[in-house]
Each structure stands twice: as C-alpha cells, then as structure tokens.
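The chain contents come next:
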Amino acid sequence: MAPEAVTNARRWGLAALCAVAVAPAPFTAIAARNVQTPPSPHRSRPLPPKIRSIPYPRLEWPLEISGSQYAPVAWSDVAGWRSDDHLQAFRAFRASCVPIVGQQKTPVEAKALGSSLSEPCRAARAFEITDSARARSFFEEHFLPLQISRLGEDAGFVTGYYEPVLEGSRTRTDVYSVPVYRRPSNLFVRGFKQDAPSLPNKGQVFRKIGRRKLVPYYDRAEIEDGAIAGRGLEICWLKDQPDLLFAQIQGSARVQLEDGTTVRINYDSHNGYPYMAVGRILIDRGIIPKEQMSMQKIREWMDQNPEGANELRRQNRSYVFFREVPLSDKDEAVGAQGVPLTPGRSIAVDKSLHVYGTPFFIEGELPIQSEQSKTPFHRLMVAQDTGSAITGPARADIYYGAGAEAGRISGRLRHSMRFVMLVPKSLDPVARGRKMPLPDPRPSEKIVKLFPPVDPLKDQAKNQKGGAGSSDAAAGPNATNATSAAGPSKGAAVTGRVPLPEARPAIKPGPDQYRHRVRQYRNSQ
C-alpha cells in the first residue's frame, strides 16, 4: 500500500476511534490528532478502527450528589464568611468528630463525602482552638467551599425546629390523659431487627401478626382511638393531643412532671406513613394565609377549634414513637448523629444525601427578632440531625434550643437561603473534574456507514448462547480479518466493528459542533 494510502487509513481509523473513547486522550495523542497531513493524489479506502478492549477504564468522577448542582467558590466570595463566630461552629464540628473518628468501618450507604471527614476530624481533635480567627483558619485549611442548590434552582430552603417544654404526669389523670408511646414490640421494618436501637425515619413499616403475616401499621386515627392502648407502652401522659403532635413534629420534648422532675423524650421510630404538614392543609383550605403561617398560628387555631383540630390532625396519618433518654435539664437534645445539638449551629439535613458532621455555611435574611424583621444571617452550621420532611441537597432545619422563645423563632422560619457546603480538600471537585471522562468527537456519517457501531458485549452474550461462537469472537477483541485490513472490496461485507461505549452521563455534541466537524473532515480530504 502506498504511503499516502496508509496515512489516509490511519486518519480514518483514528476518527472512528474517537467516537467510542471513554478516557480522555493524552496530550500527545491530542496533538497528533490535530496534525495535518499533505493532501494525497491517491484515494483508498480507510482501515477499520481497532476494537477497544472490554471492559472500558473506569475513571473517578467528581462529587455526585443526587438532584444537585454545585460550583466551587472562593472564600472571599462567601458573603459574611469573615464576620461569623467560627469558634462556635468549630466546637459543634468537634462534637460531631467523636463518632466519625470512632467509626470502625465505612458506612453501608454510599454518599458523596463518604468517610472523607475523618482527616479533618482527626486534625480538629488533635489540638484546642480558643479564638474565632484560628477556627476560621482551620476550616479554610481543611475544606473547600462549594455553593450548592437543587438542580435548576439558585438557593436552598430553611425551616426551624426546637425542643418543646410540656407539662405531664407519669400516671393518667383527668388532666393528663394523652399517652406518649414508646415503640411497640410488633412494629417491624424489613432489614432491621425489631429491637434494633435505630430504625429509618422513612419507608414502609409493618405490624407483624404471628410469625409471617405483615400488614401496614396502625395510622394516627387508629392509635388515637386506642389500637395499642393497655400494653404498658406509655412513657408518660400529656394534657392534649396538640401537645403530643408538636412533640412528634419536633422529634423531642421535655416533659415537666408534677413532682418537679423532668422526663426527656427523643424520636425512636414511626408508623410508616408519610408526614403530612397540617400547616399546608390550613393554607390550602384558605384558613391561614401562607405569609402568616407559623406554628403559633396553627396552635392558636387548634385551641379555638377543637373539633376541627381533631379532623385536621388525623389528616397526618404519620405517628411518632419516643424513647426516654437520660438527660438532665441542662443538657441539649441529642440529634440523629448521637451528639448533643448546639442551638443556632446544628441543622437537620437529608441523610440520604449528606454525611453527619458536614459543615454548611448558610447565608441570607431571617425573621429572628420578629415576624416582620429581616435579620442578616451568615452562619456556619453542622449537619447533626435529620427529619422525614427534610429532603434535597440544599435543605436544612435549624435547631434553636428549648422553650417558648426558641419555639417562636423556629416557628417563623420558612425562607430561601444560599447554601455553601464545605468539602474536605481530599475530595477537591476541580482536581477530580480534570480527570473526568469526556465524549470523543462524533465520527462523520461516512465513517458510521463504513463501520456500523455494534455492542461487543451483546455479541459475546449471543455467542455464549449459541455455542463456541464465531471465529472473530474467538480471535479476541482486537482481531481483524484480511478483508477488513485491506478495506472493504466491492460486494464484500465489512467485518470491522466499533464497540459502543458504556452507558454513562455525557454531553453529546450539538448540531453546530457536528456540522463543524463535518466541515473539518471535508477540508482535510
């Protein structure tokens, strides 16, 4: 074959190979691709491309947080970063590091940050920090800021929660008649033992009848009507159902008994029904305007409309069971991570997406002082809790402490805010992005006609079904026969095959890019 023909064949083969590459080509290969060869006076048919070996190389992708979009930002671009009290945030983060460093094995659930918080946690526990400036330097040294939001949105959303302080009794009386139930023994969740210390706060929950039969657990109405009464499940008794409802919404409560002692209760499990926000129902019915909605408004309406409150409450079929925890009046509530929450610094996040202990900087304006106020809020928070209503990559429930004042503040929070997620430097998304596999240039229509793309994995499966397989399959993935090496002759079948790349999220070239590549090919001929 003439030298010019060999040059053309190589060019054709390389162009076809570009259609299926998965890993980014080395810089030398990219440079070679752009080398222009002198036009050839002779025309010959191209050689088919070599078939890529299977399986394709798997390269590390940047962070993958479902349903999110994120962008690296500079610390100087994070509004209010330097003015925050980072010492408080550092202390909350350090508390989260205790269970993180103590983990014996990697969590089963794969999440974006994985176990990457271990390194900054070891550094945080290695020395004491006593001022805000050094605490800020710690976060800047060990983390990178990423602005994050739900896909297609430019901001996140925050609400607030607190720990109610309620009046109650260890025994049932005429005043205290509403039971606070612990987890029933016949409550069953697939994949968990019935006496497991922790159960998921989402998903199906069953009532086990006998050894094998499973049926949905009782809903709120059935439980309020006495479905599990008389089994010794009562931790204590409250004054009314709205008290219990708000304790269930918040996930914990302090029950002050008649003898002056306090019972601390925390979330333990639920009955398997999705949470229905009673505030949303009141808005949809036109009872309370959306702009005036708060927990205080809901409570006022329920107190004034007992019959309507009973019907409204049962629209939320979800029901929470508690456990008694050995905390004193001075101790803060314990979050889902198992560490005490810090008022104004702890947040509940979507645990299916985020790792407990992840720092988030939340920025915007909130009605802290009053319902009409717009107090600037620039604060570094730590993910230490979760909730069934907290879903999405930029969604947080801010913990404000215990008592009536904390309840008033948290009850007003329903606002859009900007989220900056702090990612350990070991997971630098920019560095990982440089290695991300990109789609190769699309081959010309002529190449596709000459060498129709096929999936070799399907061929292998067919050959295994049919028997020994064809001689091509036996020859290996890089084999070509004499006909394909010399180019297709008139009336002969083309046997060179180009494998398809694995299915993967990739951006396909648009029509303009495709036309540009067609013009490039025509100009090179």
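Residues numbered from 1 in each chain as written. Predicted model: local features only at pLDDT ≥ 70, side-chain atom pairs only at ≥ 80, totals over all residues. Heavy atoms only, no water.

### Notes on the packing of aromatic side chains
Reasoning step 1: All chains considered together, the criterion is met by 15 aromatic pairs.
Reasoning step 2: Measuring from ring centre to ring centre gives 5.5 Å for F138 and F139, while their planes differ by 75°; the resulting arrangement is edge-to-face. Per residue, the accessibility class of F138 equals that of F139, and both read buried.
Reasoning step 3: Centroid distance Y217 to Y218: 5.3 Å. Interplanar angle 75°. Geometry classified as edge-to-face.
Reasoning step 4: An aromatic cluster is built from F90, F93, F127, F138, F139 and F143, whose rings are joined through pairwise contacts. (Phe/Tyr/Trp six-rings, centres within 6.5 Å; stacked < 30°, edge-to-face > 60°. Buried < 20%, exposed > 50% of the residue type's maximum accessible area, 1.4 Å probe, protein only.)

### Brief notes about helix α11 (residues 404–411)
Reasoning step 1: Buried within α11 are the following residues: A406, G407, I409, S410 and G411.
Reasoning step 2: Turning to α11, the residues buried within the fold contact β3 (156–163), α9 (295–304) and β16 (395–402). (Helix = DSSP H or I, 4+ residues; strand = E, 2+ residues; numbered from the N terminus. Contact = heavy atoms within 4.5 Å.)

### Quick notes on helix α7 (residues 241–250)
Reasoning step 1: Of all 10 residues in α7, nine are buried; the element is thus mostly enclosed.
Reasoning step 2: The opening residue of α7 is D240, an N-cap whose side-chain oxygen sits 2.9 Å from the backbone nitrogen of D243.
Reasoning step 3: Positive backbone phi, at 90°, marks G251, one or two positions downstream of α7. (Polar contact = N/O pair within 3.5 Å; in protein donor to acceptor, adjacent residues only side chain to side chain.)

### Topic: the environment of Q315
Reasoning step 1: Along the chain, the position of Q315 falls in helix α10 (residues 306–315).
Reasoning step 2: Given the relative accessible area of 38%, Q315 is considered partly exposed.
Reasoning step 3: Each C-alpha atom of the pair Q315 and R220 lies 8.6 Å from the other, and the pair is 95 residues apart in sequence.
Reasoning step 4: Sequence-distant contacts of Q315, defined by excluding residues within four places in its chain, comprise M276, I281 and R285.

### What about the sheet that holds strand β10 (residues 252–257)?
Reasoning step 1: Read from one edge of the open sheet, six strands run β5-β9-β4-β10-β11-β12, paired in mixed fashion. This sheet does not close on itself; its edge strands, each paired only once, are β5 (178–181) and β12 (320–325). Ignoring which end each strand starts from, the neighbouring axes of this sheet average 45° apart.
Reasoning step 2: Looking at chain direction, strand β4 (residues 165–169) and β10 are connected through four bridges and run parallel. Bridging from a neighbouring strand, G168 pairs with L257 of β10. (Pairing = 2+ DSSP bridges. Axes fitted to C-alpha atoms, helices over the stretch in contact; angles between N-to-C directions.)

### Details of the pattern of salt bridges
Reasoning step 1: Under the criterion given, the structure shown has 21 salt bridges.
Reasoning step 2: E163 is the salt-bridge partner of R254, the closest N and O atoms lying 2.9 Å from each other. Taken as a pair, R254 in strand β10 and E163 in strand β3 lie far apart in primary sequence, 91 residues in all.
Reasoning step 3: A relative accessible area of 0% places E163 in the buried class.
Reasoning step 4: Linking D268 and R323 is a salt bridge whose minimum nitrogen-to-oxygen distance equals 3.6 Å. Taken together, the residues span a long stretch of sequence, with D268 in strand β11 (residues 262–270) and R323 in strand β12 at a distance of 55 residues.
Reasoning step 5: Given the relative accessible area of 34%, R323 is considered partly exposed.
Reasoning step 6: Residues joined by salt bridges that share partners form a network here, namely R220, E224, D225, R313 and R314. (Salt bridge = Lys/Arg side-chain N within 4 Å of Asp/Glu carboxyl O.)

### Side note on the confidence of the model for the chain
Reasoning step 1: On average, the chain scores 80 in pLDDT, and the residues at 70 or more come to 72%.
Reasoning step 2: Across residues 468–500 the pLDDT falls below 50, and counting only partners more than four positions away or on other chains, this stretch makes 48 contacts in the model.
Reasoning step 3: pLDDT under 50 marks residues 503–508. Its contacts with residues more than four places away, or in other chains, come to nine contacts. (pLDDT = per-residue confidence, 0-100.)

### So, the side chain of H86
Reasoning step 1: Here H86 shows up in helix α3 (residues 86–101).
Reasoning step 2: Side-chain polar atoms of H86 contact the backbone oxygen of D84, separated by 3.1 Å.
Reasoning step 3: Leave out the neighbours within four places in its chain, and H86 touches W81, S132, A135, R136, F139 and L380.

### Side note on the state of the cysteines
Reasoning step 1: Tallying each qualifying case throughout the model produces one disulfide.
Reasoning step 2: The disulfide bridge from C97 ends at C121, spanning 2.2 Å between sulfur atoms. Since a negative S-S torsion denotes a left-handed disulfide, the C97-C121 link at about -75° is left-handed. Of this pair, C97 sits in helix α3 while C121 sits in helix α4 (residues 118–126); the two residues are 24 residues apart in sequence, bridging distant segments of the chain. A single burial state applies to C97 and to C121, both of which are buried. (Disulfide = S-S within 2.5 Å.)

### Describing the nonpolar core
Reasoning step 1: One finds F93, F138, F139, I347, I362 and F419 to be the most contacted residues of the largest nonpolar core, which totals 69 residues.
Reasoning step 2: Broken down by element, this core gets its largest block of residues, seven residues, from α3.
Reasoning step 3: If sequence neighbours within four positions are ignored, F138 has contacts with F90, F93, P120, A123, A124, F127, I129 and F143. (Core = buried A, V, L, I, M, F, W, Y, C linked by side-chain atoms within 4.5 Å.)

### A look at the pairing of β3
Reasoning step 1: With seven of its eight residues buried, β3 lies for the most part within the structure.
Reasoning step 2: Alignment of β3 against strand β17 (residues 414–424), held across four bridges, turns out to be antiparallel. Pairing of V158 across the sheet is with H415, part of β17.

### Describing the packing of α9 against α10
Reasoning step 1: Packing of α9 against α10 leaves a shortest axis separation of 5 Å and a crossing angle of 125°. Our classification of the angle between α9 and α10 gives oblique. In contact with W301, M302, D303 and Q304 of α9, α10 contributes P306, G308, A309 and L312.
Reasoning step 2: Looking at the contact of α9 with α10, its residues break down into five nonpolar, two polar and one charged. (Parallel < 35°, antiparallel > 145°, perpendicular 65-115°, else oblique. Nonpolar A, V, L, I, M, F, W, Y, C, P; charged D, E, K, R; others polar.)

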